[in-house]
There are 2 protein chains.
Amino acid sequence: MREVNKTATATKYIYFFAQGKADGRADMKELLGGKGANLAEMTNLGIPVPPGFTISTVACKYYYHNGEKWPQGLEEELKQAMRRLEEVTGKKFGDKENPLLVSVRSGAAISMPGMMDTILNLGLNDETVQGLIKKTDNPRFAYDAYRRFVQMFGNVVLGIEHSEFEQLLEKKKKEKGVELDTELSAQDLKQLVSEFKKLIKEKTGKDFPEEAWEQLKMAVNAVFASWNNKRAITYREIHKIPHDLGTAVNVQTMVFGNMGDNSGTGVGFTRNPSTGEKQFYGEFLINAQGEDVVAGIRTPEPIERLEKQMPQIYKQLCEIFEKLEKHYRDMQDVEFTIEEGTLYLLQTRTGKRTALAAVNIAVDMVNEGLISEQEAIMRIKPEQLDQLLHPMIDPNEKVQVIAKGLPASPGAAVGKVVFSSDEAIERAENGEDVILVRAETSPEDIGGMAKAQGILTARGGMTSHAAVVGRGMGKCCVVGCNDISINEEEGYFTVGDLKINKGDMITLNGTTGEVILGPAKLIKPQVAGKFKTLMEWVDKYKKMGVRANADTPHDAKVARDFGAEGIGLCRTEHMFFGEDRINLVRRMIIADTPEERQQALDKLLPLQRDDFIGIFEVMEGFPVTIRLLDPPLHEFLPASDEDIEKVAKELEIESRDLKSKVEQLKEFNPMLGHRGCRLGISYPEISRMQARAIFEAQAEMIKNGKKVIVEVMIPLVGHVNEIRFLKKHIKEVAQEVEKEKAVKLEYAIGTMIEVPRAAITADRIAEEAEFFSFGTNDLTQMGFGFSRDDIAKFLPKYLEAGILKDDPFMILDQEGIGELVKIGIEKGRKTRAELKVGICGEHGGEPSSVEFCYKVGMNYVSCSPYRVPIAKLSAAQASIKDNKK
Amino acid sequence: MREVNKTATATKYIYFFAQGKADGRADMKELLGGKGANLAEMTNLGIPVPPGFTISTVACKYYYHNGEKWPQGLEEELKQAMRRLEEVTGKKFGDKENPLLVSVRSGAAISMPGMMDTILNLGLNDETVQGLIKKTDNPRFAYDAYRRFVQMFGNVVLGIEHSEFEQLLEKKKKEKGVELDTELSAQDLKQLVSEFKKLIKEKTGKDFPEEAWEQLKMAVNAVFASWNNKRAITYREIHKIPHDLGTAVNVQTMVFGNMGDNSGTGVGFTRNPSTGEKQFYGEFLINAQGEDVVAGIRTPEPIERLEKQMPQIYKQLCEIFEKLEKHYRDMQDVEFTIEEGTLYLLQTRTGKRTALAAVNIAVDMVNEGLISEQEAIMRIKPEQLDQLLHPMIDPNEKVQVIAKGLPASPGAAVGKVVFSSDEAIERAENGEDVILVRAETSPEDIGGMAKAQGILTARGGMTSHAAVVGRGMGKCCVVGCNDISINEEEGYFTVGDLKINKGDMITLNGTTGEVILGPAKLIKPQVAGKFKTLMEWVDKYKKMGVRANADTPHDAKVARDFGAEGIGLCRTEHMFFGEDRINLVRRMIIADTPEERQQALDKLLPLQRDDFIGIFEVMEGFPVTIRLLDPPLHEFLPASDEDIEKVAKELEIESRDLKSKVEQLKEFNPMLGHRGCRLGISYPEISRMQARAIFEAQAEMIKNGKKVIVEVMIPLVGHVNEIRFLKKHIKEVAQEVEKEKAVKLEYAIGTMIEVPRAAITADRIAEEAEFFSFGTNDLTQMGFGFSRDDIAKFLPKYLEAGILKDDPFMILDQEGIGELVKIGIEKGRKTRAELKVGICGEHGGEPSSVEFCYKVGMNYVSCSPYRVPIAKLSAAQASIKDNKK
């Protein structure tokens, strides 16, 4: 603050632009705001822009830091600027003969559309309106402009509710027996002006300021103030924009699109923002102001028609579009006005676009020589790519949203409601599309989830079982939809008064979390050839590997199709849930003797071996990281009395015995319980069976002349002795298989780093581990002490109170959990410099987390197959950013 | 190994001792073993020791590293040593006139009593036995010695089962119609010798080696080999003794205590090992060998009687005792033999003693000027002190142990069996002593636990609820007693066939985990004045503070009595379980509106304030760290349908509503759930009520002219924003109370560091926290990913397989969790150099963990009141060790 004071007299606050010359430039956004900087740039480019000037953000900041006072010198500078404007326009501010009218608009460095305020036609009063009438010979137009100005000024500057003015307007129309504003006469509008002024006097106790200079100063203050109105503050909070940037103020000569049929207004994109096609795209209205477009009374015409109606203007516009695109090297979104046959550009900015358009435009622009491949890569938001990888609801479709849950896995799905995994399987096998609706899912539901088009759960968060499995399968999934109440037994769910029966059709939107009544029309977005081109460039520039988490040959195939360079996490437990083996697994668990356990394992061995052969074949030549059994054993046993009864019958044992086994395996905190390598240490025979299945599969591949890179991963290691113990068993099995099959097996044995202690003692663990894979899901759970199944109880409050910025299960917490990752990598490589390091938590597909992984020196990330392109793009962007440094 | 080879010729392997001069010294234990070093030392002191020599451990190590061969030169050195021995004794090895007989004994650097082997009377054969007969004129004695030698040699050197010889001996006695060995004649014994030799021939295929030199070499090899027998290996594993130390071999001239009534043998302590009294203590047998004492055929006499029987010898022994104690500056445990009126010392070593004796001896020795105060402090094993702090079962009492569980909280308790907390309270209030027996305990049992003499649970580990609370209360507690089967409804428990009914008397031994039938006699160990003296010295030398974990004025009083310098952890939730408030707490939890919640809180406020006043008064002038509510709310609600019904009636609400609230609060992993500061953030009104209770109590103290040092501790912080959020609320409340009560409050606000992320980001957290208290229980749970309630499922296997050395909940894991603590302290003090740091987990009372806390620079440790002296002693020892460096 003191600094601002000191330099106040020396500071330039106002940047002028007119007649092809501007003080500012496009790269001065911080000082002039986006709008002001681009107006200056366009002026310098020789593009017709109504002359004006920008009061810089420095003035706004001073205003806030000094009790809402202007800095010394600003008023004088403003006067000079207005005099210059009078000179270049030949008009005079506040003059009753040839009045200069201006717009006063805010403009921040980061666009906050609609959040701050605008005043048009400033400079009008009872005297100057006469001048406008004279100049235009159009009293109705002049009084309409005057009326609008008083209304805007009253609202924006003096704080009177917009509706109060509207009521007077409505009353006037009623009085006159007309329906449209346009049907009011000049006289009516003149009366409205005085009624508006009366309202202002009543509400504020003061007269409407007739003096133009007074109006201008008040308007500038109002724009300054608008930076801190509630809407703007909220917007900045949501979009994480700093509160101390301040806004610039743009004062610009008014131009009117509503001065007759040789006038008009419009907006345009230099390319199609939906498809990216290289074609001008936009719409316009003849004899209208911007406001009228918004009001929606008249339907705008497509921009191509302007060619017929005003060929000169259209030609000029096309030239400007091309010039702007060449200059800005990106697709532009512009506003223009035609005043009595003269074209003015009011704004240009980088145009928003769909993912498809983003990809197509970027690739086209490289081909056109406008931008480099690296720039093309940097232009795509990785998260946006998701749109290209899943079916979506036709945006033209009108749908009835009946409930909203959490958007757990993107895409859309249509199907008949079913409430059980069994029924999902049955109906799906009969060719029906189904949506599996459950209170929550458990590993036993996997069969049904795989067969369903989509999954909807009433409980659970973004990392609940349904969500994780859904994303893994690339299957549309909405979770935690508290609005629905499921009655599984009677086969229906309710939302409010609505009852949806089993077999009724619904649609899920996994991208938004919406549940929609009936079947919506789905479209399969095109993965055009340009997308492929882009991904080729991505592969060229990225340095970090991208693998996929995949548990089945099918998933592995999807992963390969999406460009995965290996499997970073193959969860063997999902294989245990198959119908042909779940009861074998159960027999293994409830075995009373090691012999009984071995019998069950012996039967599981060939099944598991075939699983691996299937995956190895798809992944020929690529690394496959296989994680040994991880979840607590009770997950494989039934939970409810009814299920226990049923399973006991299948296993031909007493249900009492099974129940007692279930009880025995119950844990207070299963997340911190008997799972991961702890299982393997308690029952080495399980790990040995899995190792044997892996190595026998590898031996088979080798015999068939196929190469496979095997990485055996031991989960949940927290102490070097744990991996030491299991590594010994695994190596023994490998040696046995080598002997039996007379092959030489090459493989690596490594570990997940998912327990905080493992990260902290990574130097010790690297004595045994040949690779690390960070399991950041569990590392987040244990590092924060957050159970991801329970976090919904307090996370909303945490986000609301700003205690956490993001859900740490979605976006890696770099400060804390990331620090553990960093420590783990540093310590691990201190022991074993060549240690291969990756990540296989959900974060492996989240862009900011992928960038973090790159920065801390990981060799690869691994994510759901459907996120592989996203992770690759993020990795490429991280490399490119790094090179720029 | 190569080094051993190279220097082999230059190495001296044999250390001689005889006639007041020895090659070795007491400080050469590593080389000569404990026994050999002390024999040398005694010889140098002029104490009569049978002459002999020690073969060093270097020879043993060479033997193991070189395919069980002797190093070059050893055989020659051995021959020379034997020649020297012949010279000093005037006898000849293998001579039939005047044979030299020797004992061959192992002796390692670290005592492994009974683990390795001994051969006596070596040098006897059919010829030399004749010489012995001539010398002693006692054929029976000579043949008995011969018989014993052949038997020991056959067993130890040749590996024949001891029982095989015993069978022949038994057969002989039957044959002769006698009962005792001593009744066998010389002739019988002579026959036995040849039968033994025949057995040896049969079993080994070789003749018994008649040649004395051969015998000696074989015996030395056998002693070397005994280092690696199974018993010895197991012993070393249990006691964590390195396997590569090797053993020394002591060869010593035989002396005989069984050569008539002027001979004898005995053991003695230089002070009373039970009480520490300064009085010789021991026992002896006339005309006997050490073996006979062990055999238990004759009852030894107390050592005082020797004064009457052999006054000269007794006097000499007393002088030796005094000399040894002065020389070794510690209480000695000696073995002696009297051979025909001549006294020989066979061994001296530091005597084992009870805790009481250890304290008394240490203090006495300081007073006697023998040792310094620091040495006295270093002499006491902190863990041993526990014996002095709890009642114990009279060791003279014969008890019937019916089951064994885990020794969760030391001491002993006698009482009638009850199965519910309510009945425990009821009976206790009627003056009955009760033992509360439960499957496991929950916070609802606290009332009954407090009233019971002891607690016994069938389930749970050393850190289960019962164990933690039991230790906290200093109450005898046995947990995880799987042997018992409880039928609560019918009011009994069974152990095998035994049925113990409600009201039956049992005794618990919390130090051993034993459950005893009926009431055993208990003794209250005296905390003698010398214990107090010792603790005064401890306070003088320790630098780290020691506080106690205490939740009630009673516990606070106990803590002060044991010397606690403040409260390091006052758990406010325990106050919530009081009968007068639990339902208020429940009303607060189930409140549907903030108003309802506030009503309940308003009623809790005065109760909680009185709790704090009570504690502050006891702790006047000392710091009190109060932790805000920590456990998940569901712990305050009933769990079973029956209890829900009951509580709903009390609260006058629908049991269905209560049940649904209970369901709603259920968590998958409560340890990682909605608890700690997460509660306070969700319901700031709870934290505010607690803060208000604290500050109003403080204000009251101040008004009464009393000083109180208040530290408000926020639990489970993982992110700086959590403490920032709650600190603001707490400070607001403090300001309110300051205004209302017109006082100035001094207090600090800090946090538990118990979440790994908190340790990792301690620099950030110290921006807000004014102190840290490491909650190493939770830090261990989350750092390892071990649920302490579930760890029993795999910990036994982990300890057995050597994956973990100790239960990390008992002994702080310094490598991993300790590293987190270190990181936390370093980062915390980087932000706030003066940050006060303590520990309040269970580890705060465990000696090795306390030493760690000192080393990493903590200001204090806090532990259960009953462990305060242990923690203080550990802290003093850590300081003293540190000063020595």
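Scroll up a little and you will see the structure.
Below is a summary of the structure that appears in this document. Position labels on residues start from 1 in each chain and follow its written sequence. Lettering for chains starts from A, numbering for ligands starts from 1, and both go in the order in which the items are written. Reporting in this predicted model follows two pLDDT cut-offs: at least 70 for local features of residues, and 80 or more for side-chain atom pairs to be given and counted; totals over whole chains, interfaces and linings ignore these cut-offs and use all residues. The basis for every side-chain value is the complete set of heavy atoms in the structure, and neither hydrogens nor water enter the calculation.

### Focus on the sheet that holds strand β31 (residues 747-753) of chain B
Residue and element names in this part refer to chain B.
Moving on, step 1. Strands sit in the order β27-β28-β29-β30-β31-β32-β33-β34 around a closed barrel of eight strands; the barrel is parallel. Between one strand axis and the next, the sheet turns by 25 degrees as a mean value, whatever way the strands run.
Moving on, step 2. Pairing of strand β29 (residues 623-627) with strand β30 (residues 709-714), which is carried by five bridges, proceeds in the parallel orientation. When the sheet's bridge partners are listed, P623 is paired in β30 with I709. Being paired, for any two strands, means DSSP has found at least two bridges between them. By the criteria applied, helices consist of DSSP H or I runs no shorter than four residues and strands consist of E runs no shorter than two, each listed in order from the N terminus. Only the stretch in contact is used when a helix axis is fitted, and all axes are lines through C-alpha atoms; the angle between N-to-C directions ranges over 0 to 180 degrees.

### A word on the sheet that holds strand β30 (residues 709-714) of chain A
Backbone-to-backbone hydrogen bonds join strands into a sheet, with any given pair of strands oriented parallel or antiparallel.
All names here are of chain A.
Moving on, step 1. Strand order in this closed barrel of eight strands is β27-β28-β29-β30-β31-β32-β33-β34, and the pairing throughout is parallel. This sheet shows a mean twist of 25 degrees between the axes of neighbouring strands, independent of strand direction.
Moving on, step 2. As paired elements, strand β31 (residues 747-753) and strand β32 (residues 771-774) share three bridges and run parallel to each other. Across the sheet, M752 pairs through a bridge with S773, a residue of β32.
Moving on, step 3. Residue contacts follow a heavy-atom distance rule, with two residues in contact if any of their heavy atoms lie within 4.5 Å. Strands in contact with helix α29 (residues 720-741) are β30 and β31; relative to β31, the strand with the most contacts, it is inclined by about 155 degrees.

### As for the interface of chain B and chain A
Moving on, step 1. Contact residues are listed per partner, giving 50 residues for chain B and 50 residues for chain A.
Moving on, step 2. Of the roughly 4,400 Å² buried between chain B and chain A, counting both surfaces, carbon and sulfur atoms make up 58%.
Moving on, step 3. Any carboxyl oxygen of Asp or Glu within 4 Å of a side-chain nitrogen of Lys or Arg constitutes a salt bridge here. Applying the counting rule to chain B against chain A returns eight salt bridges.
Moving on, step 4. Any N or O atom pair separated by 3.5 Å or less is treated as a polar contact, with the protein-specific requirement of one donor-capable and one acceptor-capable atom, and with residues adjacent in sequence counted only for side-chain atom pairs. On inspection of chain B and its partner chain A, the count reaches 32 residue pairs in polar contact (both at pLDDT 80 or more).
Moving on, step 5. Breaking the side of chain B that touches chain A down by element, the ones donating at least two residues are α26 (655-665), α27 (677-682), α29 (720-741), α30 (756-760), α32 (776-784), α33 (795-800) and α34 (817-831) of chain B.
Moving on, step 6. Residues are sorted three ways: Asp, Glu, Lys and Arg are charged, Ala, Val, Leu, Ile, Met, Phe, Trp, Tyr, Cys and Pro are nonpolar, and all the rest, Gly among them, are polar. Class assignment for the residues of the side of chain B that touches chain A results in 21 nonpolar, 14 polar and 15 charged. Throughout, buried area stands for the accessible area (probe radius 1.4 Å) lost by two parts on being put together, summed over both.

### Details of the packing of helix α14 (residues 355-367) of chain A against helix α20 (residues 529-541) of chain A
Residue and element names in this part refer to chain A.
Moving on, step 1. Close contact between α14 and α20 brings their axes to 9 Å; oriented N to C, the two are set at 70 degrees. Judged on the interaxial angle alone, α20 and α14 are roughly perpendicular. Along this stretch, α14 crosses α20, giving a crossing that reads as left-handed. Residue-level contacts link V359, N360, V363, D364 and V366 of α14 to K530, F531, T533, L534 and W537 of α20.
Moving on, step 2. Its residues assigned to classes, the contact of α14 with α20 shows six nonpolar, two polar and two charged. With respect to orientation, any angle under 35 degrees is reported as roughly parallel, any angle over 145 as roughly antiparallel, any angle of 65 to 115 as roughly perpendicular, and every other angle as oblique. If you view the pair so one helix is near and one far, a crossing is left-handed when the near helix is turned anticlockwise from the far one by less than a right angle, and right-handed when it is turned clockwise.

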